[in-house]
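Listed below, chain by chain, are the residues.
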Amino acid sequence: MMLSLLVPKARAGAGLASRLARTAPALWQAAQWSQLAQQQKRTLSTDLRSVVAEKIPAQQERLKEIKKTHGNKVIGDVTVNMCIGGMRGINGMLWETSLLNPEDGIRFRGYTIPECQAALPSAIPGGEPLPEGMLWLLMTGEMPTQEQVAQVSLDLRKRSALPPHVAQVLAAMPADTHPMTQFTQAVLALQTNSEFAAAYKSGIHKSEYWKPYFEDSMDLIAKLPAIASLIYRRTYHGGNLIEAHPELDWAANLSHMMGFDSEGALELMRLYQTIHSDHEGGNVSAHTTHLVGSALSDPYLSFAAGMTGLAGPLHGLANQEVLLWIKNVREVLGEHPTKEALTDFVWDTLKNGKVVPGYGHAVLRLTDPRYTCQREFALKHLPDDPMFKLVSLLYEVVPAVLKETGKVKNPWPNVDAHSGVLLQHYGVSEANFYTVLFGVSRCLGVLSQGVWDRALGLPIERPKSLTMSVLEELCGGK
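Residues numbered from 1 in each chain as written. Predicted model: local features only at pLDDT ≥ 70, side-chain atom pairs only at ≥ 80, totals over all residues. Heavy atoms only, no water.

**Here's the deal with the overall build of the protein chain**
Of the regular secondary structure elements, the protein chain holds 23 helices and two strands. Each of the 478 residues in the protein chain was classed as buried or not, and the buried ones make up 49%. Long-range pairs, those at least 24 residues apart, make up 77% of the contacts in the protein chain with a sequence separation of at least 6. Only carbon and sulfur atoms are counted for the fraction: they give 56% of the accessible area of the protein chain, which is about 22,500 Å². (Helix = DSSP H or I, 4+ residues; strand = E, 2+ residues; numbered from the N terminus. Buried < 20%, exposed > 50% of the residue type's maximum accessible area, 1.4 Å probe, protein only. Contact = heavy atoms within 4.5 Å. Areas by Shrake-Rupley, 256 points an atom, 1.4 Å probe, with all protein chains shown as cover.)

Here's what the structure looks like:
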(Lines give C-alpha, C1' and ligand atoms only; values in the text may rest on other atoms or scores of the structure.)
Protein backbone atom coordinates (compact mmCIF):
# COMPACT_ATOMS: atom_id res chain seq x y z
CA MET A 1 0.00 0.00 0.00
CA MET A 2 2.72 2.44 0.92
CA LEU A 3 4.52 2.21 -2.42
CA SER A 4 1.33 2.38 -4.45
CA LEU A 5 0.32 5.60 -2.73
CA LEU A 6 3.53 7.23 -3.90
CA VAL A 7 2.94 6.46 -7.56
CA PRO A 8 0.74 9.43 -8.59
CA LYS A 9 3.05 11.97 -6.99
CA ALA A 10 6.13 10.34 -8.46
CA ARG A 11 4.57 10.25 -11.94
CA ALA A 12 3.62 13.94 -11.72
CA GLY A 13 7.21 14.98 -11.08
CA ALA A 14 9.08 12.30 -13.00
CA GLY A 15 11.23 14.74 -14.99
CA LEU A 16 12.45 16.65 -11.97
CA ALA A 17 12.98 13.44 -10.03
CA SER A 18 15.16 11.88 -12.72
CA ARG A 19 17.30 15.02 -13.03
CA LEU A 20 17.73 15.19 -9.27
CA ALA A 21 18.73 11.52 -9.14
CA ARG A 22 21.42 12.11 -11.79
CA THR A 23 22.83 15.42 -10.57
CA ALA A 24 22.49 15.12 -6.80
CA PRO A 25 22.14 11.48 -5.74
CA ALA A 26 22.62 12.22 -2.04
CA LEU A 27 19.88 14.84 -2.10
CA TRP A 28 17.69 12.49 -4.10
CA GLN A 29 18.15 9.72 -1.54
CA ALA A 30 17.39 12.11 1.32
CA ALA A 31 14.22 13.24 -0.45
CA GLN A 32 13.15 9.62 -0.92
CA TRP A 33 13.67 8.86 2.77
CA SER A 34 11.82 12.06 3.73
CA GLN A 35 8.84 11.15 1.58
CA LEU A 36 8.80 7.63 3.00
CA ALA A 37 9.03 9.00 6.56
CA GLN A 38 6.11 11.34 5.93
CA GLN A 39 4.06 8.45 4.61
CA GLN A 40 4.94 6.32 7.61
CA LYS A 41 4.03 9.18 9.94
CA ARG A 42 0.62 9.44 8.29
CA THR A 43 -0.05 5.75 8.85
CA LEU A 44 0.45 6.22 12.60
CA SER A 45 -2.64 8.42 12.92
CA THR A 46 -5.98 6.99 11.90
CA ASP A 47 -7.99 9.79 13.54
CA LEU A 48 -9.28 12.05 10.77
CA ARG A 49 -10.04 15.01 13.02
CA SER A 50 -6.56 15.06 14.53
CA VAL A 51 -4.95 14.96 11.07
CA VAL A 52 -7.12 17.87 9.93
CA ALA A 53 -6.21 19.77 13.11
CA GLU A 54 -2.50 19.33 12.42
CA LYS A 55 -2.89 20.85 8.97
CA ILE A 56 -4.98 23.88 9.84
CA PRO A 57 -2.27 26.25 11.21
CA ALA A 58 -0.10 25.98 8.10
CA GLN A 59 -3.05 26.59 5.79
CA GLN A 60 -4.19 29.56 7.87
CA GLU A 61 -0.73 31.10 7.53
CA ARG A 62 -0.71 30.32 3.82
CA LEU A 63 -3.98 32.17 3.30
CA LYS A 64 -2.77 35.14 5.36
CA GLU A 65 0.34 35.35 3.19
CA ILE A 66 -1.73 35.21 -0.01
CA LYS A 67 -3.91 38.07 1.25
CA LYS A 68 -0.93 40.11 2.43
CA THR A 69 1.18 39.67 -0.70
CA HIS A 70 -1.41 39.41 -3.46
CA GLY A 71 -4.62 40.82 -2.00
CA ASN A 72 -5.01 43.62 -4.55
CA LYS A 73 -3.87 41.74 -7.63
CA VAL A 74 -6.33 41.26 -10.48
CA ILE A 75 -7.11 37.61 -11.32
CA GLY A 76 -9.63 38.14 -14.09
CA ASP A 77 -11.98 40.45 -15.94
CA VAL A 78 -15.78 40.46 -15.79
CA THR A 79 -17.80 41.01 -18.95
CA VAL A 80 -21.46 41.85 -19.32
CA ASN A 81 -22.04 38.34 -20.69
CA MET A 82 -20.58 36.88 -17.51
CA CYS A 83 -22.81 39.09 -15.38
CA ILE A 84 -26.03 38.12 -17.13
CA GLY A 85 -24.97 34.61 -18.13
CA GLY A 86 -24.94 32.87 -14.76
CA MET A 87 -21.55 34.29 -13.70
CA ARG A 88 -19.81 31.64 -15.80
CA GLY A 89 -16.07 32.10 -16.01
CA ILE A 90 -15.82 34.50 -13.07
CA ASN A 91 -13.01 33.65 -10.64
CA GLY A 92 -14.80 34.44 -7.40
CA MET A 93 -14.59 31.64 -4.85
CA LEU A 94 -11.97 29.77 -2.84
CA TRP A 95 -12.54 26.00 -3.07
CA GLU A 96 -9.74 23.69 -1.95
CA THR A 97 -11.16 20.18 -2.28
CA SER A 98 -11.27 19.94 -6.07
CA LEU A 99 -10.54 21.85 -9.26
CA LEU A 100 -12.11 21.42 -12.67
CA ASN A 101 -9.91 21.93 -15.72
CA PRO A 102 -11.58 22.22 -19.14
CA GLU A 103 -8.97 19.99 -20.77
CA ASP A 104 -8.17 17.66 -17.87
CA GLY A 105 -11.42 17.10 -16.00
CA ILE A 106 -11.87 17.06 -12.25
CA ARG A 107 -8.93 16.74 -9.88
CA PHE A 108 -9.59 15.85 -6.27
CA ARG A 109 -6.89 17.58 -4.24
CA GLY A 110 -4.70 17.43 -7.34
CA TYR A 111 -5.43 13.81 -8.27
CA THR A 112 -7.30 12.77 -11.41
CA ILE A 113 -10.00 10.10 -11.33
CA PRO A 114 -7.68 7.39 -12.75
CA GLU A 115 -5.07 8.28 -10.13
CA CYS A 116 -7.68 8.06 -7.38
CA GLN A 117 -8.86 4.71 -8.69
CA ALA A 118 -5.28 3.44 -8.62
CA ALA A 119 -4.30 4.81 -5.20
CA LEU A 120 -7.40 4.88 -2.99
CA PRO A 121 -8.00 1.72 -0.95
CA SER A 122 -10.73 -0.62 -2.14
CA ALA A 123 -12.97 -3.18 -0.47
CA ILE A 124 -11.84 -6.03 -2.73
CA PRO A 125 -8.57 -6.55 -4.63
CA GLY A 126 -8.64 -4.59 -7.87
CA GLY A 127 -12.02 -3.13 -6.94
CA GLU A 128 -13.47 0.37 -6.99
CA PRO A 129 -12.22 2.95 -4.47
CA LEU A 130 -13.96 3.31 -1.14
CA PRO A 131 -15.69 6.70 -0.68
CA GLU A 132 -14.30 6.85 2.86
CA GLY A 133 -10.88 7.14 1.23
CA MET A 134 -12.13 10.01 -0.90
CA LEU A 135 -13.43 11.70 2.25
CA TRP A 136 -9.99 11.41 3.86
CA LEU A 137 -8.36 12.81 0.72
CA LEU A 138 -10.78 15.75 0.47
CA MET A 139 -10.44 16.59 4.16
CA THR A 140 -6.64 16.28 4.42
CA GLY A 141 -5.16 16.47 0.92
CA GLU A 142 -3.40 13.15 1.56
CA MET A 143 -3.96 9.73 0.04
CA PRO A 144 -5.04 7.51 2.95
CA THR A 145 -3.82 4.11 3.98
CA GLN A 146 -6.06 1.08 4.27
CA GLU A 147 -5.96 1.47 8.06
CA GLN A 148 -7.04 5.10 7.91
CA VAL A 149 -9.94 4.26 5.62
CA ALA A 150 -10.99 1.38 7.87
CA GLN A 151 -11.09 3.76 10.84
CA VAL A 152 -13.24 6.26 8.91
CA SER A 153 -15.63 3.43 8.02
CA LEU A 154 -15.83 2.41 11.67
CA ASP A 155 -16.40 5.98 12.81
CA LEU A 156 -19.20 6.49 10.29
CA ARG A 157 -20.88 3.24 11.34
CA LYS A 158 -20.85 4.39 14.97
CA ARG A 159 -22.51 7.67 14.00
CA SER A 160 -25.05 6.21 11.54
CA ALA A 161 -28.16 5.61 13.68
CA LEU A 162 -31.08 7.93 12.92
CA PRO A 163 -32.99 9.59 15.76
CA PRO A 164 -36.61 8.37 15.79
CA HIS A 165 -38.11 11.73 14.86
CA VAL A 166 -36.55 11.64 11.36
CA ALA A 167 -38.70 8.67 10.34
CA GLN A 168 -41.67 10.39 11.97
CA VAL A 169 -41.14 13.51 9.87
CA LEU A 170 -41.06 11.42 6.69
CA ALA A 171 -44.10 9.41 7.79
CA ALA A 172 -46.08 12.65 7.99
CA MET A 173 -45.47 13.31 4.29
CA PRO A 174 -47.49 11.72 1.45
CA ALA A 175 -45.84 8.53 0.20
CA ASP A 176 -45.66 9.92 -3.34
CA THR A 177 -43.69 13.02 -2.28
CA HIS A 178 -40.68 13.44 -4.57
CA PRO A 179 -37.63 11.66 -3.05
CA MET A 180 -35.56 14.86 -3.12
CA THR A 181 -38.21 16.71 -1.12
CA GLN A 182 -38.14 13.90 1.43
CA PHE A 183 -34.34 13.92 1.43
CA THR A 184 -34.12 17.63 2.17
CA GLN A 185 -36.75 17.42 4.91
CA ALA A 186 -34.93 14.51 6.57
CA VAL A 187 -31.65 16.44 6.58
CA LEU A 188 -33.39 19.44 8.13
CA ALA A 189 -34.92 17.15 10.77
CA LEU A 190 -31.41 16.13 11.85
CA GLN A 191 -30.55 19.78 12.56
CA THR A 192 -32.05 19.52 16.03
CA ASN A 193 -28.86 17.74 17.11
CA SER A 194 -26.41 20.23 15.58
CA GLU A 195 -23.26 20.63 17.70
CA PHE A 196 -22.25 23.72 15.75
CA ALA A 197 -25.55 25.51 16.36
CA ALA A 198 -25.33 24.70 20.08
CA ALA A 199 -21.68 25.77 20.30
CA TYR A 200 -22.35 29.05 18.51
CA LYS A 201 -25.25 29.77 20.85
CA SER A 202 -22.93 29.12 23.79
CA GLY A 203 -20.41 31.68 22.53
CA ILE A 204 -17.65 29.48 21.11
CA HIS A 205 -14.62 31.41 19.85
CA LYS A 206 -14.46 31.70 16.07
CA SER A 207 -11.08 29.97 15.96
CA GLU A 208 -12.86 26.86 17.24
CA TYR A 209 -15.77 26.92 14.76
CA TRP A 210 -14.34 24.16 12.65
CA LYS A 211 -14.45 21.56 15.44
CA PRO A 212 -18.24 21.34 15.97
CA TYR A 213 -18.64 21.89 12.22
CA PHE A 214 -16.47 18.80 11.64
CA GLU A 215 -18.52 16.75 14.11
CA ASP A 216 -21.81 17.81 12.50
CA SER A 217 -20.41 17.03 9.05
CA MET A 218 -19.27 13.56 10.03
CA ASP A 219 -22.60 12.85 11.74
CA LEU A 220 -24.52 13.99 8.66
CA ILE A 221 -22.33 12.02 6.25
CA ALA A 222 -22.74 8.93 8.42
CA LYS A 223 -26.53 9.16 8.48
CA LEU A 224 -27.21 9.90 4.81
CA PRO A 225 -27.18 6.24 3.64
CA ALA A 226 -29.81 5.42 6.27
CA ILE A 227 -31.90 8.42 5.21
CA ALA A 228 -31.63 7.61 1.50
CA SER A 229 -32.48 3.94 1.98
CA LEU A 230 -35.40 4.81 4.28
CA ILE A 231 -36.81 7.08 1.56
CA TYR A 232 -36.22 4.45 -1.11
CA ARG A 233 -37.89 1.61 0.79
CA ARG A 234 -40.73 3.86 1.96
CA THR A 235 -41.45 5.23 -1.51
CA TYR A 236 -41.03 2.13 -3.65
CA HIS A 237 -41.24 -0.91 -1.35
CA GLY A 238 -44.09 -0.19 1.04
CA GLY A 239 -41.90 0.81 3.96
CA ASN A 240 -40.30 -2.64 4.26
CA LEU A 241 -36.96 -1.55 5.71
CA ILE A 242 -33.63 -3.41 5.68
CA GLU A 243 -31.25 -3.06 8.63
CA ALA A 244 -27.68 -1.89 8.11
CA HIS A 245 -25.01 -4.58 7.88
CA PRO A 246 -22.56 -4.28 10.80
CA GLU A 247 -19.48 -4.90 8.66
CA LEU A 248 -20.17 -3.25 5.32
CA ASP A 249 -18.55 0.01 4.26
CA TRP A 250 -20.48 3.28 3.88
CA ALA A 251 -21.49 2.97 0.20
CA ALA A 252 -22.03 -0.78 0.27
CA ASN A 253 -24.38 -0.38 3.22
CA LEU A 254 -26.40 2.12 1.23
CA SER A 255 -26.80 -0.43 -1.56
CA HIS A 256 -27.57 -3.18 0.95
CA MET A 257 -30.23 -1.17 2.80
CA MET A 258 -31.85 -0.30 -0.52
CA GLY A 259 -32.06 -4.04 -1.25
CA PHE A 260 -29.18 -4.64 -3.67
CA ASP A 261 -26.50 -7.01 -2.41
CA SER A 262 -24.74 -8.41 -5.48
CA GLU A 263 -21.02 -7.74 -5.70
CA GLY A 264 -21.57 -5.71 -8.85
CA ALA A 265 -24.18 -3.52 -7.15
CA LEU A 266 -21.91 -2.88 -4.16
CA GLU A 267 -18.98 -2.01 -6.39
CA LEU A 268 -21.09 0.31 -8.53
CA MET A 269 -22.30 2.19 -5.46
CA ARG A 270 -18.70 2.62 -4.27
CA LEU A 271 -17.68 4.00 -7.65
CA TYR A 272 -20.78 6.19 -7.98
CA GLN A 273 -20.37 7.76 -4.54
CA THR A 274 -16.67 8.38 -5.13
CA ILE A 275 -16.81 10.07 -8.54
CA HIS A 276 -19.85 12.25 -7.73
CA SER A 277 -18.33 13.50 -4.47
CA ASP A 278 -17.14 16.93 -5.62
CA HIS A 279 -16.91 19.05 -8.77
CA GLU A 280 -15.29 22.27 -7.55
CA GLY A 281 -17.32 25.08 -5.98
CA GLY A 282 -19.19 26.84 -8.75
CA ASN A 283 -21.96 24.33 -9.46
CA VAL A 284 -25.36 25.04 -7.95
CA SER A 285 -25.34 22.54 -5.08
CA ALA A 286 -21.75 23.22 -4.00
CA HIS A 287 -22.07 26.99 -4.31
CA THR A 288 -25.37 27.04 -2.43
CA THR A 289 -23.96 24.95 0.42
CA HIS A 290 -20.95 27.26 0.60
CA LEU A 291 -23.07 30.42 0.40
CA VAL A 292 -25.47 29.40 3.17
CA GLY A 293 -22.58 28.14 5.27
CA SER A 294 -20.85 31.51 4.95
CA ALA A 295 -23.69 32.97 7.05
CA LEU A 296 -22.57 30.49 9.76
CA SER A 297 -25.57 28.27 9.20
CA ASP A 298 -24.72 24.79 10.44
CA PRO A 299 -23.93 21.87 8.08
CA TYR A 300 -27.51 20.56 8.17
CA LEU A 301 -29.03 23.86 7.05
CA SER A 302 -26.28 24.48 4.49
CA PHE A 303 -26.42 21.01 2.97
CA ALA A 304 -30.22 21.02 2.84
CA ALA A 305 -30.07 24.29 0.92
CA GLY A 306 -27.58 22.79 -1.51
CA MET A 307 -29.84 19.80 -2.05
CA THR A 308 -32.75 22.02 -3.07
CA GLY A 309 -30.46 23.28 -5.82
CA LEU A 310 -29.41 19.77 -6.76
CA ALA A 311 -33.09 18.90 -7.25
CA GLY A 312 -33.34 21.33 -10.17
CA PRO A 313 -33.78 19.94 -13.72
CA LEU A 314 -30.62 21.71 -14.91
CA HIS A 315 -28.44 20.17 -12.19
CA GLY A 316 -29.09 16.90 -10.37
CA LEU A 317 -32.12 15.73 -12.31
CA ALA A 318 -30.09 15.45 -15.50
CA ASN A 319 -29.18 11.78 -15.02
CA GLN A 320 -32.81 10.67 -14.82
CA GLU A 321 -33.63 12.78 -17.90
CA VAL A 322 -30.86 10.96 -19.79
CA LEU A 323 -32.30 7.57 -18.88
CA LEU A 324 -35.80 8.60 -19.91
CA TRP A 325 -34.48 9.90 -23.23
CA ILE A 326 -32.55 6.68 -23.90
CA LYS A 327 -35.67 4.65 -23.12
CA ASN A 328 -37.54 6.81 -25.64
CA VAL A 329 -34.86 6.08 -28.23
CA ARG A 330 -35.33 2.35 -27.63
CA GLU A 331 -39.13 2.61 -27.86
CA VAL A 332 -38.95 4.46 -31.18
CA LEU A 333 -36.02 2.69 -32.84
CA GLY A 334 -36.00 -0.68 -31.11
CA GLU A 335 -33.35 -2.31 -28.95
CA HIS A 336 -30.71 -2.50 -31.69
CA PRO A 337 -30.95 0.63 -33.86
CA THR A 338 -28.55 1.22 -36.72
CA LYS A 339 -26.04 4.03 -36.53
CA GLU A 340 -27.85 5.80 -39.37
CA ALA A 341 -31.25 5.60 -37.67
CA LEU A 342 -29.78 6.86 -34.42
CA THR A 343 -28.13 9.77 -36.22
CA ASP A 344 -31.48 10.78 -37.74
CA PHE A 345 -33.13 10.52 -34.31
CA VAL A 346 -30.53 12.85 -32.75
CA TRP A 347 -31.01 15.37 -35.55
CA ASP A 348 -34.79 15.24 -35.07
CA THR A 349 -34.31 15.90 -31.36
CA LEU A 350 -32.28 19.02 -32.09
CA LYS A 351 -34.57 20.28 -34.85
CA ASN A 352 -37.51 20.08 -32.45
CA GLY A 353 -35.78 22.58 -30.18
CA LYS A 354 -34.64 20.03 -27.61
CA VAL A 355 -31.22 19.13 -26.29
CA VAL A 356 -29.56 15.73 -26.21
CA PRO A 357 -29.36 15.08 -22.46
CA GLY A 358 -26.04 13.90 -21.07
CA TYR A 359 -23.88 15.74 -23.59
CA GLY A 360 -21.97 18.97 -23.07
CA HIS A 361 -20.70 20.69 -19.93
CA ALA A 362 -20.38 24.29 -18.78
CA VAL A 363 -16.64 23.93 -18.13
CA LEU A 364 -15.30 20.69 -19.65
CA ARG A 365 -14.09 20.55 -23.24
CA LEU A 366 -13.49 16.81 -23.41
CA THR A 367 -15.25 13.56 -22.54
CA ASP A 368 -16.01 13.75 -18.84
CA PRO A 369 -13.55 11.45 -17.01
CA ARG A 370 -16.47 10.42 -14.80
CA TYR A 371 -18.21 9.11 -17.93
CA THR A 372 -15.05 7.28 -18.96
CA CYS A 373 -14.63 5.41 -15.68
CA GLN A 374 -18.29 4.39 -15.72
CA ARG A 375 -17.86 3.12 -19.28
CA GLU A 376 -14.85 1.09 -18.14
CA PHE A 377 -16.95 -0.31 -15.30
CA ALA A 378 -19.65 -1.34 -17.77
CA LEU A 379 -17.13 -2.97 -20.11
CA LYS A 380 -15.85 -5.00 -17.16
CA HIS A 381 -19.15 -5.95 -15.50
CA LEU A 382 -21.96 -5.68 -18.08
CA PRO A 383 -20.54 -5.62 -21.62
CA ASP A 384 -23.61 -7.31 -23.13
CA ASP A 385 -26.26 -5.15 -21.47
CA PRO A 386 -28.53 -3.81 -24.28
CA MET A 387 -28.84 -0.35 -22.71
CA PHE A 388 -25.06 -0.11 -22.35
CA LYS A 389 -24.66 -1.02 -26.01
CA LEU A 390 -27.10 1.76 -26.90
CA VAL A 391 -25.15 4.24 -24.76
CA SER A 392 -21.97 3.15 -26.56
CA LEU A 393 -23.58 3.72 -29.95
CA LEU A 394 -24.75 7.16 -28.85
CA TYR A 395 -21.12 7.91 -27.93
CA GLU A 396 -20.22 7.24 -31.56
CA VAL A 397 -23.10 9.29 -32.98
CA VAL A 398 -23.94 12.29 -30.82
CA PRO A 399 -20.58 14.16 -30.73
CA ALA A 400 -20.35 14.13 -34.52
CA VAL A 401 -23.88 15.52 -34.87
CA LEU A 402 -23.29 18.22 -32.26
CA LYS A 403 -20.04 19.23 -33.93
CA GLU A 404 -21.82 19.54 -37.25
CA THR A 405 -24.29 22.06 -35.79
CA GLY A 406 -21.40 24.43 -35.14
CA LYS A 407 -23.13 25.71 -32.01
CA VAL A 408 -21.77 23.44 -29.29
CA LYS A 409 -18.48 24.12 -27.50
CA ASN A 410 -18.37 20.70 -25.90
CA PRO A 411 -20.05 17.87 -27.83
CA TRP A 412 -18.76 15.14 -25.50
CA PRO A 413 -20.69 13.09 -22.92
CA ASN A 414 -20.77 14.09 -19.27
CA VAL A 415 -21.24 11.98 -16.15
CA ASP A 416 -25.02 11.85 -16.53
CA ALA A 417 -24.84 10.12 -19.92
CA HIS A 418 -23.95 6.82 -18.25
CA SER A 419 -24.90 6.60 -14.57
CA GLY A 420 -28.61 5.86 -15.01
CA VAL A 421 -27.97 2.89 -17.27
CA LEU A 422 -25.59 1.35 -14.73
CA LEU A 423 -28.04 1.83 -11.87
CA GLN A 424 -30.85 0.32 -13.91
CA HIS A 425 -28.76 -2.74 -14.74
CA TYR A 426 -28.46 -3.59 -11.05
CA GLY A 427 -32.14 -3.05 -10.35
CA VAL A 428 -32.38 0.61 -9.32
CA SER A 429 -34.99 1.41 -11.95
CA GLU A 430 -36.71 4.32 -10.21
CA ALA A 431 -35.27 7.31 -12.04
CA ASN A 432 -36.86 9.80 -9.64
CA PHE A 433 -34.54 8.48 -6.93
CA TYR A 434 -31.26 8.98 -8.79
CA THR A 435 -30.77 12.53 -7.57
CA VAL A 436 -30.90 11.33 -3.97
CA LEU A 437 -27.93 9.06 -4.67
CA PHE A 438 -26.18 12.04 -6.24
CA GLY A 439 -26.93 14.07 -3.11
CA VAL A 440 -25.53 11.42 -0.77
CA SER A 441 -22.29 11.49 -2.72
CA ARG A 442 -22.05 15.28 -2.93
CA CYS A 443 -21.94 15.55 0.88
CA LEU A 444 -18.34 14.34 0.87
CA GLY A 445 -17.03 17.33 -1.06
CA VAL A 446 -19.21 20.19 0.12
CA LEU A 447 -18.99 19.29 3.80
CA SER A 448 -15.22 18.77 3.64
CA GLN A 449 -14.92 22.22 2.11
CA GLY A 450 -17.29 23.56 4.75
CA VAL A 451 -14.94 22.38 7.49
CA TRP A 452 -12.11 24.26 5.80
CA ASP A 453 -14.29 27.34 5.28
CA ARG A 454 -14.69 27.55 9.04
CA ALA A 455 -11.06 26.65 9.76
CA LEU A 456 -9.80 29.37 7.42
CA GLY A 457 -12.29 31.92 8.73
CA LEU A 458 -13.78 32.70 5.32
CA PRO A 459 -16.27 35.60 5.50
CA ILE A 460 -19.92 35.77 4.56
CA GLU A 461 -20.38 35.79 0.78
CA ARG A 462 -21.79 39.03 -0.64
CA PRO A 463 -21.19 39.73 -4.36
CA LYS A 464 -22.40 43.02 -5.89
CA SER A 465 -25.50 42.96 -8.09
CA LEU A 466 -26.33 45.43 -10.86
CA THR A 467 -29.46 46.59 -12.64
CA MET A 468 -29.81 46.74 -16.43
CA SER A 469 -29.73 50.53 -16.18
CA VAL A 470 -26.35 50.39 -14.44
CA LEU A 471 -25.03 48.00 -17.09
CA GLU A 472 -26.14 50.40 -19.81
CA GLU A 473 -24.45 53.31 -18.03
CA LEU A 474 -21.23 51.39 -17.51
CA CYS A 475 -21.16 50.42 -21.17
CA GLY A 476 -21.90 53.90 -22.44
CA GLY A 477 -25.49 53.13 -23.37
CA LYS A 478 -28.64 54.90 -22.18
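**Some points on the packing of aromatic side chains**
Each aromatic ring pair is described using two quantities: the centre-to-centre distance and the angle formed by the ring planes. Using the criterion set out here, one finds 13 aromatic pairs in the structure. Consider the rings of tyrosine 200 and tyrosine 209, whose centres lie 6.0 Å apart with planes at 50°: the pair is tilted. Given a relative accessible area of 45%, tyrosine 200 falls into the partly exposed group. Each ring, one from tyrosine 232 and one from tyrosine 236, has its centre 5.3 Å from the other, and the planes form 55°; the classification is tilted. Taken together, the positions of tyrosine 232 and tyrosine 236, both in helix α12 (residues 210–236) and four residues apart, correspond to about one turn of that helix. For tyrosine 232, a relative accessible area of 0% puts it in the buried group. Here the aromatic cluster, defined as three or more aromatic residues joined through ring pairs, consists of Phe196, Tyr200, Tyr209 and Tyr213. Lying across the ring of tryptophan 210, arginine 49 places its NZ or CZ 5.7 Å from the centre. Here arginine 454 stacks its cationic end above the ring of tyrosine 213, 5.6 Å away from the centre of that ring. (Phe/Tyr/Trp six-rings, centres within 6.5 Å; stacked < 30°, edge-to-face > 60°. Lys NZ or Arg CZ within 6 Å of the ring centre and 35° of its normal.)

Take it as geometry only, folks, not as evidence of what the structure does.
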